[in-house]
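An overview of the molecular structure
One-letter residues, chain by chain:
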Amino acid sequence: MIPEEQKKALDSWQLSARYWDKYRALIAKIFAPLTSGLVDEARIKVGQRILDIGGGTGEPALTISRIVGPTGSVMYTDPVAGMVETTQAEAARRGLANIHFTQCSADELPFADRTFDAAVGRLSAMFFVDPVKAVREALRVIAENGIASFVVWGPKEANPFFSAVTDVIDRFLEVPPQDPDAPETFRFAGPGKLVGVLENAGAKNVIEHRLKFQIEAPISFEQFWQLRTEMSGTLREKMAGIVPAQLPGVKQAVADAARRYFVSGTMSFPAQALIVSARKSAASILLDDFAHFQHKHE
Ligand SMILES: C[S@@+](CC[C@H](N)C(=O)[O-])C[C@H]1O[C@@H](n2cnc3c(N)ncnc32)[C@H](O)[C@@H]1O
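Description of the structure in this document. Since the structure is predicted, the reported quantities are computational estimates derived from the model, not experimental observations.

Further remarks concern the overall build of the chain. On a plain count of helices and strands, the chain comes out with 12 helices and eight strands. The C-alpha atoms of the chain give a radius of gyration of 19 Å, which matches the 19 Å a tight globule of 298 residues would have. Projected onto its principal axes, the C-alpha positions of the chain cover 60 × 45 × 40 Å. Taken over 298 residues, the chain has a buried fraction of 52%. By sequence separation, contacts in the chain at least 24 residues apart represent 82% of the contacts at least 6 residues apart. Taken as a whole, the chain presents about 13800 Å² of accessible surface, with 56% of it coming from carbon and sulfur. With 33 positive and 35 negative side-chain charges, the chain shows a spacing of 3 Å between the two charge centroids.

Next up on the list: the pattern of salt bridges. What the rule picks out here adds up to 17 salt bridges. Of the charged contacts, one joins Glu144 and Lys280 as a salt bridge, the two residues approaching to 3.6 Å between their closest N and O atoms. Taken together, the positions of Glu144 in strand S5 (residues 142-153) and Lys280 in the loop between strand S8 (266-279) and helix H12 (287-296) put the pair 136 residues apart, joining distant regions of the chain. Judged by relative accessible area, Glu144 falls into the partly exposed class, the value being 40%. A relative accessible area of 15% places Lys280 in the buried class. The partner of Glu222 in a salt bridge is Lys251, and the shortest N-O contact between them spans 2.6 Å. Of the two residues, Glu222 sits in helix H9 (residues 221-231) while Lys251 sits in helix H11 (residues 247-258), which places them 29 residues apart along the sequence.

On to the packing of H9 against helix H10 (residues 233-240), then. One way to put it is that H9 packs onto H10 with a least axis distance of 5 Å and a crossing angle of 95 degrees. Classified by the angle their axes make, H9 and H10 are roughly perpendicular. Contacts between H9 and H10 involve Trp225, Arg228, Thr229, Glu230 and Met231 on the former and, on the latter, Gly233, Leu235, Arg236 and Met239. Residue composition of the contact of H9 with H10, by class: four nonpolar, two polar and three charged.

Attention now moves to the environment of Arg93. Within the secondary structure, Arg93 sits in helix H5 (residues 81-93). Side chain to side chain, Arg93 and Glu90 meet in a polar contact 2.7 Å long.

Scoring rules and cut-offs
Residues numbered from 1 in each chain as written. Predicted model: local features only at pLDDT ≥ 70, side-chain atom pairs only at ≥ 80, totals over all residues. Heavy atoms only, no water. Helix = DSSP H or I, 4+ residues; strand = E, 2+ residues; numbered from the N terminus. Rg over C-alpha atoms; globule rule 2.2 N^0.38 Å. Buried < 20%, exposed > 50% of the residue type's maximum accessible area, 1.4 Å probe, protein only. Contact = heavy atoms within 4.5 Å. Areas by Shrake-Rupley, 256 points an atom, 1.4 Å probe, with all protein chains shown as cover. Lys, Arg positive; Asp, Glu negative; His and termini not counted. Charge placed at Lys NZ, Arg CZ, Asp CG, Glu CD. Salt bridge = Lys/Arg side-chain N within 4 Å of Asp/Glu carboxyl O. Axes fitted to C-alpha atoms, helices over the stretch in contact; angles between N-to-C directions. Parallel < 35°, antiparallel > 145°, perpendicular 65-115°, else oblique. Nonpolar A, V, L, I, M, F, W, Y, C, P; charged D, E, K, R; others polar. Polar contact = N/O pair within 3.5 Å; in protein donor to acceptor, adjacent residues only side chain to side chain.

Here it is as structure tokens:
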């Protein structure tokens, strides 16, 4: 990405920060299975030191802070000031004393080698400027036996929470052809793509798991529409490109496409994510992995 595009992307996240804060509780609820998946894959336990990369409004950092407890710690990072500030305020509200904050990009982590037991990123890897460099950085700052785990969205067609809106809106706009490597929501949706990034960065024992879950909450289509059009920088930009007279028609077309996901006052979208995890060094692939595998398949 050229620096100007980089700046534009960060400005858009800065604008998103206030909406992500507004919907904090809802986001925590609907994407909770992604946090659980990361905690499980990165084997996060009491007393560990964990790095969260691209923490946004605080997940998984806030959940992990409870899991590692007072003998452990979490370092939350995000390059966007608005995200850092709102999450810092939330941590203070919750009285969490073992979580620390650093405003930085994944590509340049201002931490010494081997500072953390594990590094995780929830829905952030697709926005890294240089993903291989970022993963190399994550591996550098974790212990020799450390684990790095990232969760990203699976295919767009399997994620109507996004496509039910964007597919309809794109019919009303001239959408230029997409660069498959541009930093956007589905950049790593193809199976094996993020695995390749971790392998290129020198990670060992790289494993990809598909996580199927429901994005569920007791909200109406109206609330969903508001949430989606406020939270997403891409959607905000697209909506700005639609002539005002067309807006009611666009919204109705999205409502028709999304109708089957709203039943009896509840939103329920099927969703698919990919969790890609790896070890820093092959030497660390120990009994621990065997025990974890056994536990998962009992
Ligand atoms: C979709 S949000 C996910 C936030 C949070 N982890 C969650 O799951 O709710 C993506 C986050 O990636 C951050 N981000 C963007 N560029 C980044 C970069 N170069 N390095 C690290 N994080 C980045 C954004 O600021 C944003 O907070």
